Amino acid sequence: MATLLLHHSVFANHKTSAGHPERPDRYRAVQAVLGQSQFDTLVREQAKVADLDTTRYVHTNRYVDALEAARPDEGYVYLDGGDTMMEPSTWEVVLRGVGATIQAVDKVLDGEVQNAFVACRPPGHHAETERAMGFCLFNNISIGARHAQKKHGLMRVAIADFDVHHGNGTQEIFYSDPSVLYASTHQMPLFPGTGAARETGVGNIFNAPLAPGDGGAELRDAFEDRILPALNTFKPELIIVSAGFDAHERDPLGSLRMTADDFAWVTRELMKSAETNSQGRLVTVLEGGYDLQGLADSVSAHVGELMKG
Ligand SMILES: [Zn+2]
């Protein structure tokens, strides 16, 4: 079966302030590399605008309504110091990010494709129930997980996160919910400061922090010792991945030393876990990755693996 790519030209909107690492060129770099001939057999779909109510699966009405009301007609509105902002195009961009994630979940669970990659920006995993944070407004993957439960009746959904930053928002949203497993590798110490191994929720949170300077060997240990066994015990019916590529050795925001080959390895391992536990059903959603070359190489390796499924 095929691999689905969700994309849309609006993901090159949402213009951030000068010098901001989360910038439109990130999306252009991803689009350029996935335009190469080895990706010709991807099934490509345009990301749709989500129904705003789907964001209420994980965010409070107060938060969603305040965000909608904050949309500027010009200039920027800052939501989290200088990190997280809205400009006039942002609302459509973030609703298409949510929409694309939901589309990917639908197509994979309907059996139309084996797996899917959502090429969107900005990222989502720092957005909490009631707080925009760390470039993130809506928590795309968490909304996707809830959608899989509410609309497709799934009992158990797992979220794996290999972004260099801990997905504090995803952890917070599901911290007391045994129906969603959250497993993360991330650098520690680093923004946002959460993600210690002792943060275990109701036995559904598995944090495997890595030290600055760690590379592929430590990533493999973390997955083989902690994350993959947790997935096998949990037996998810769907695995959703926060696919951030800022653990790449070239990335300016982190100090881990992953290479594109390491991201290919972790992708393959998550695919094997999905084959064992969830009929191969895997949805991956772009999170971080702020060095354009490192991002392009990593996305190429990641999607190349997905297509071998
Ligand atoms: Zn990140």
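Described in the following lines is the structure provided in the data block. This structure is a prediction, so every number in the text was calculated from the model and none was measured.

1. Quick look at the overall build of the protein chain
Here is step 1 of the chain: Within the protein chain one finds eight helices and ten strands.
Here is step 2 of the chain: Compactness check: the protein chain gives a C-alpha radius of gyration of 17 Å against a globular reference of 19 Å for 309 residues, within 12% of the reference.
Here is step 3 of the chain: Here the C-alpha coordinates of the protein chain stretch approximately 50 × 40 × 40 Å along the principal axes.
Here is step 4 of the chain: By the burial criterion, 61% of the 309 residues in the protein chain qualify as buried.
Here is step 5 of the chain: In the protein chain, the share of contacts with a sequence separation of at least 24, taken over all contacts with a separation of at least 6, comes to 75%.
Here is step 6 of the chain: The averaged location of the 41 negative side-chain charges in the protein chain is 3 Å from the averaged location of its 27 positive side-chain charges.

2. Remarks on the pairing of strand S3 (residues 77-80)
Here is step 1 of the chain: Two strands pair when backbone bridges link them, and S3 and strand S4 (residues 84-86) are joined in this way by three bridges, in the antiparallel orientation. What sits directly across from Tyr-78, in S4, is Met-85.

3. Topic: the nonpolar core
Here is step 1 of the chain: Phe-117, Phe-138 and Leu-238 are the most contacted members of the largest nonpolar core, which has 94 residues in total.
Here is step 2 of the chain: Ranked by residue count, the leading element in this core is helix H3 (residues 90-109), at eleven residues.
Here is step 3 of the chain: Discounting chain neighbours no more than four positions away, the residues touching Leu-238 are Val-105, Val-108, Leu-109, Ala-148, Leu-154, Arg-156, Val-157, Ala-158, Ser-278, Arg-281, Leu-282 and Val-283.

4. Concerning the packing of aromatic side chains
Here is step 1 of the chain: Summed over all chains, the structure comprises eight aromatic pairs.
Here is step 2 of the chain: Taken together, a centroid distance of 5.9 Å and an interplanar angle of 45° make the contact between Tyr-76 and Tyr-78 tilted.
Here is step 3 of the chain: Residue classification places Tyr-76 among the partly exposed residues on the basis of a relative accessible area of 35%.
Here is step 4 of the chain: Taken together, a centroid distance of 5.7 Å and an interplanar angle of 80° make the contact between Phe-135 and Tyr-290 edge-to-face. Here the residue Phe-135 occupies a position in the loop between strand S5 (115-118) and helix H4 (140-152), and Tyr-290 occupies one in the loop between strand S10 (282-286) and helix H8 (292-306), the gap between them amounting to 155 residues. Here Phe-135 and Tyr-290 have matching classes, each one buried.

5. Some points on the coordination of the zinc ion
Here is step 1 of the chain: Every protein donor of the zinc ion is accounted for by Asp-163 (OD), His-165 (ND1) and Asp-246 (OD), and the metal-donor separations fall at 2.0 to 2.1 Å.
Here is step 2 of the chain: Considered as a linear motif, the donors of the zinc ion on their single chain read D-x1-H-x80-D. Within this pair, whereas Asp-163 is found in the loop between strand S6 (157-161) and helix H5 (168-174), its partner Asp-246 is found in the loop between strand S9 (238-243) and helix H7 (260-277), the two being separated by 83 residues in sequence.
Here is step 3 of the chain: We classify Asp-246 as buried; its relative accessible area is 0%.

What counts, and at which threshold
Residues numbered from 1 in each chain as written. Predicted model: local features only at pLDDT ≥ 70, side-chain atom pairs only at ≥ 80, totals over all residues. Heavy atoms only, no water. Helix = DSSP H or I, 4+ residues; strand = E, 2+ residues; numbered from the N terminus. Rg over C-alpha atoms; globule rule 2.2 N^0.38 Å. Buried < 20%, exposed > 50% of the residue type's maximum accessible area, 1.4 Å probe, protein only. Contact = heavy atoms within 4.5 Å. Lys, Arg positive; Asp, Glu negative; His and termini not counted. Charge placed at Lys NZ, Arg CZ, Asp CG, Glu CD. Pairing = 2+ DSSP bridges. Core = buried A, V, L, I, M, F, W, Y, C linked by side-chain atoms within 4.5 Å. Phe/Tyr/Trp six-rings, centres within 6.5 Å; stacked < 30°, edge-to-face > 60°. Donors = N, O, S within 2.8 Å, 3.2 Å for Na, K, Ca; no water.

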